[in-house]
Amino acid sequence: MRKDADGMSMKNAYLLSVLEDLKKKNAHEPEFLQAAEEVLESLEPVVEADPRYEQQNIIGRIVEPERVVMFRVPWVDDSGRVQVNRGYRVQFNSAIGPYKGGLRFHPSVNLSVIKFLGFEQIFKNSLTTLPMGGGKGGCDFDPKGKSDGEVMRFCQSFMTELQRHIGPDTDVPAGDIGVGAREVGFLFGQYKKIRNEFTGVLTGKGLSYGGSLARTEATGFGLCYFADACLRDNGQSFQGKRVVVSGSGNVAIYANQKVNQLGGRVVAMSDSNGYIVDENGIDYKIIKEIKEVKRARIKTYLDYVPSAKYVEGCSGIWTVPCDIALPCATQNEIDGASAQALIANGCKGVFEGANMPSTPQAIAAYQEAGIFFGPAKAANAGGVATSGLEMSQNSERLSWTFDEVDAKLKGIMEGIYAACAAAAEQFGMKGNLQAGANIAGFLKVADAMLWQGVC
């Protein structure tokens, strides 16, 4: 998508007015504005093809959250000191179902980050074809270095307020960065105690109390299913491909596993301190032990595989030659220079496992070079898709096997790729999966909003 000297490619007066108003109201929220502008640019041909979207101000309504909840979270640390954090829940759009989206516990959390994530979630959830609206929440609390008791007391305080705003048919949170099985368990226990009900109000639960098999693997597996569908549609595959995966958390670990199952080889992974390179292929089981059992830094991999190499600083991972890049760490981790390094080293495709890991400059570089690009709202939808399947199992009081859930996940991700590719072609942007994802996700939500009137 080419931009003019002012960095703008949109020409539609209605969309420009919505964006201008959005920038005035949210000038202090760069992450949210970045996400909104990226979507609005893609929707220009859609808006021009159907005047109802402007007449009913669908765009102006979809960029404004239905509800924003911000609250204090007081808790007592192990030394007896009272700590205070700030919690959020942004309920963005419920046109096609109850709000659905994770909770993020990380020092970087602020309203802009939560709004960007919630906005993206609208379209991501729509693409799954499951009846889920978009929402997101979190807190600037950092679970790292905290005892189980401190994390429990924090989660109980957080849920004491959050429980007023959620429910199995209203808003169903899940995990995200900093919110794993431990945190979900504490949150669920407090909700159950206060509300005196056992419902599917959270997803990502433990298997013993309503969780779904394959949920842990879902985002990483789904990322690879999406990428594989794209590659196969273009006469290629993972077979024999060198793959770089940033991050070493849940998404990255299981993306590594699935890449290997599909015939590829992950040669580099990272954490916030640095990255490792293992030309023989990084063993995901070792990374899993380091991160989930020992809770150690990725440099520890060299204790298991002395022939591997460790490099301080995580951004350099994109200079490692690869055929496929799977950014699975955090937003804006690939800038324009990193994208150019990937392209220069022969990268054929970038598929996003994290939320918005590529800057606008990086995306422009991918498109200019003509490499495959799977945007986060499509490529990393496997986690929320399986959360939707967990909601179904909870509603039916059933538990499906791992293979049943995995097969449904694979079908959903292949369907998402097909929908993105078809929407892009329909609106004259064949091969542009970024535009296709925005358009396909938008159309379902916009249609529901038109039917439901001004609300």
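Treat the numbers as computed from the prediction; the structure is a model and nothing was measured.

A cluster of nonpolar side chains, namely V76, V82 and V84, defines an oily patch on the protein surface of about 260 Å² accessible area. Tracing the backbone shows V84 in strand 2 (residues 82–93).

Its identity is not glycine, yet N196 carries a phi of approximately 55°, on the positive side. Of note, N196 is situated in the loop between helix 8 (181–195) and helix 9 (218–233). Even without being glycine, R295 reaches a positive phi, approximately 50°. Among the structural elements, R295 can be located in the loop between helix 11 (284–293) and helix 12 (301–304). Exposure remark for R295: the relative accessible area of 62% places this residue in the exposed category.

As a further point, take helix 9. Here helix 9 contains 16 residues, and its C-alpha end-to-end distance of 22 Å stays within 8% of the 22 Å for a straight helix at 1.5 Å per residue. Of all 16 residues making up helix 9, 14 are buried, and the element is well covered by its neighbours.

This part takes up the sheet that holds strand 4 (residues 133–139). Spatially, the 5 strands line up as an open sheet ordered 1-2-4-3-5, and their pairing is mixed. Unpaired on one side and paired on the other, strand 1 (67–76) and strand 5 (171–174) mark the two borders of the sheet. Strand-to-strand twist in this sheet, taken as the mean axis angle between neighbours without regard to direction, amounts to 20°. Where strand 3 (residues 99–105) and strand 4 come together, 5 bridges link them in parallel fashion.

Take the nonpolar core next. The biggest cluster of nonpolar side chains holds 104 residues, and the ones touching the most others in it are F119, L326 and F442. Residue contacts for F442: discarding those within four places in its chain leaves L43, V46, Y53, I58, I59, I62 and F123. Core analysis: the second largest hydrophobic core is formed by 23 residues, L103, C155, M159 and I166 among them.

Residue-level pLDDT values for the protein chain average 96, and 98% of them are 70 or greater. pLDDT under 50 marks residues 1–7. Its contacts with residues more than four places away, or in other chains, come to 12 contacts.

Attention shifts here to the sheet that holds strand 12 (residues 372–374). Read across the sheet, 7 strands follow the order 9-8-7-6-10-11-12 without closing on themselves; strand pairing throughout is mixed. The sheet is open, and its two borders are formed by strand 9 (309–312) and strand 12, each paired with just one other strand. Put simply, the sheet's adjacent strands are angled 15° from each other on average, direction ignored. Across 3 bridges, the pairing between strand 6 (residues 242–245) and strand 7 (residues 265–270) is parallel. Paired with V243 across the two strands is V266, which belongs to strand 7.

A word on the packing of helix 9 against helix 16 (residues 382–396). Between helix 9 and helix 16, the shortest axis-to-axis distance is 7 Å and the interhelical angle comes to 120°. The orientation of helix 9 relative to helix 16 falls into the category oblique. Between helix 9 and helix 16 lies a crossing of right-handed hand. Packed against helix 9, whose contacting residues are A218, T219 and G222, the element helix 16 presents G382, G383 and T386 at the interface.

Let us look at the environment of E414. Structurally, E414 is set in helix 17 (residues 402–426). Here the alpha-carbon distance between E414 and A379, two residues 35 residues apart in the chain, equals 9.9 Å. Those residues in contact with E414 that lie beyond four places of it in its chain are A229 and R232. Looking at E414, its side chain comes within polar contact range of the side chain of K410, at 2.7 Å.

Tallied over the entire structure, the rule returns 20 aromatic pairs. Arranged with centres 5.2 Å apart and planes meeting at 75°, the rings of F105 and F158 form a pair that is edge-to-face. Note that F105 is positioned in strand 3 and F158 in helix 7 (residues 148–162), a separation of 53 residues in sequence. The two residues F105 and F158 agree in class, both being buried. Here the aromatic rings of Y366 and F373 are separated by 5.1 Å at their centres, their planes lie at 40°, and the arrangement is tilted. Accessibility expressed as a relative area gives 6% for F373, which makes it buried. Above the ring of F221, the side-chain terminus of K258 is found at 4.3 Å from the ring centroid. Stacked on the ring of W400, the Lys or Arg K408 has its end atom at 4.8 Å from the ring centre.

Calculation rules
Residues numbered from 1 in each chain as written. Predicted model: local features only at pLDDT ≥ 70, side-chain atom pairs only at ≥ 80, totals over all residues. Heavy atoms only, no water. Patch = residues over 30% accessible without salt bridge, like charges linked within 9 Å, V, L, I, M, F, W, Y side chains within 5 Å. Areas by Shrake-Rupley, 256 points an atom, 1.4 Å probe, with all protein chains shown as cover. Salt bridge = Lys/Arg side-chain N within 4 Å of Asp/Glu carboxyl O. Helix = DSSP H or I, 4+ residues; strand = E, 2+ residues; numbered from the N terminus. Buried < 20%, exposed > 50% of the residue type's maximum accessible area, 1.4 Å probe, protein only. Expected span 1.5 Å × (residues − 1). Pairing = 2+ DSSP bridges. Axes fitted to C-alpha atoms, helices over the stretch in contact; angles between N-to-C directions. Core = buried A, V, L, I, M, F, W, Y, C linked by side-chain atoms within 4.5 Å. Contact = heavy atoms within 4.5 Å. pLDDT = per-residue confidence, 0-100. Parallel < 35°, antiparallel > 145°, perpendicular 65-115°, else oblique. Left-handed = near helix turned anticlockwise from the far one by under 90°. Polar contact = N/O pair within 3.5 Å; in protein donor to acceptor, adjacent residues only side chain to side chain. Phe/Tyr/Trp six-rings, centres within 6.5 Å; stacked < 30°, edge-to-face > 60°. Lys NZ or Arg CZ within 6 Å of the ring centre and 35° of its normal.

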